[in-house]
Amino acid sequence: MTLSYVPPIRVFGLKPNLFAFALERSLYERDPWIIGIRMYGQIGNVEGAFTCPDSVAQFPPGSPENLYGCERK
């Protein structure tokens, strides 16, 4: 099992709050081979000033042309 966390400390204008986890298990072990399975995921958010190209920011946030919700260039 692997766990990781990035605390909400503002660095370079970004404020992350991320948690990641992973579970891994061996399914087959014979020298020199090991076959396993791994499941992982990440949740959280990052706040900060991200840039958008003018060609995307000219459309309303959430529209098909501006899926990321850019508000300005």
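For the structure, check the block above.
As the structure is a computational prediction, the values presented were derived from the model and not from experiment. (Residues numbered from 1 in each chain as written. Predicted model: local features only at pLDDT ≥ 70, side-chain atom pairs only at ≥ 80, totals over all residues. Heavy atoms only, no water.)

A.B. asks: Before we go on, may I ask you to explain the overall build of the protein in this structure?
C.D. replies: Along the backbone of the protein there are one helix and three strands. Its helices and strands taken in sequence order, the protein reads β-β-β-α from the N to the C terminus. Against the 2.2 N^0.38 benchmark of 11 Å for 73 residues, the protein shows a C-alpha radius of gyration of 20 Å, more extended than a compact globule. Dimensions along the principal axes, computed over C-alpha positions, put the protein at roughly 60 × 30 × 20 Å. Put simply, the protein has 73 residues, and 14% of those count as buried. Split by element, the accessible area of the protein, about 6600 Å² in all, is 59% carbon and sulfur. Here the protein holds 7 positive side-chain charges and 7 negative ones, and the gap between their average locations is 5 Å. (Helix = DSSP H or I, 4+ residues; strand = E, 2+ residues; numbered from the N terminus. Rg over C-alpha atoms; globule rule 2.2 N^0.38 Å. Buried < 20%, exposed > 50% of the residue type's maximum accessible area, 1.4 Å probe, protein only. Areas by Shrake-Rupley, 256 points an atom, 1.4 Å probe, with all protein chains shown as cover. Lys, Arg positive; Asp, Glu negative; His and termini not counted. Charge placed at Lys NZ, Arg CZ, Asp CG, Glu CD.)

A.B. asks: Help me out: how do you make sense of unusual backbone geometry in this one?
C.D. replies: With the exception of glycine, the majority of residues adopt a negative phi angle, and the majority of peptide bonds are in the trans configuration. For the bond running from D31 to P32, omega is 0°, close enough to zero to count as cis. One non-glycine residue, F12, adopts positive backbone phi at about 55°. Residue class for F12 comes out exposed when judged on its relative accessible area of 82%.

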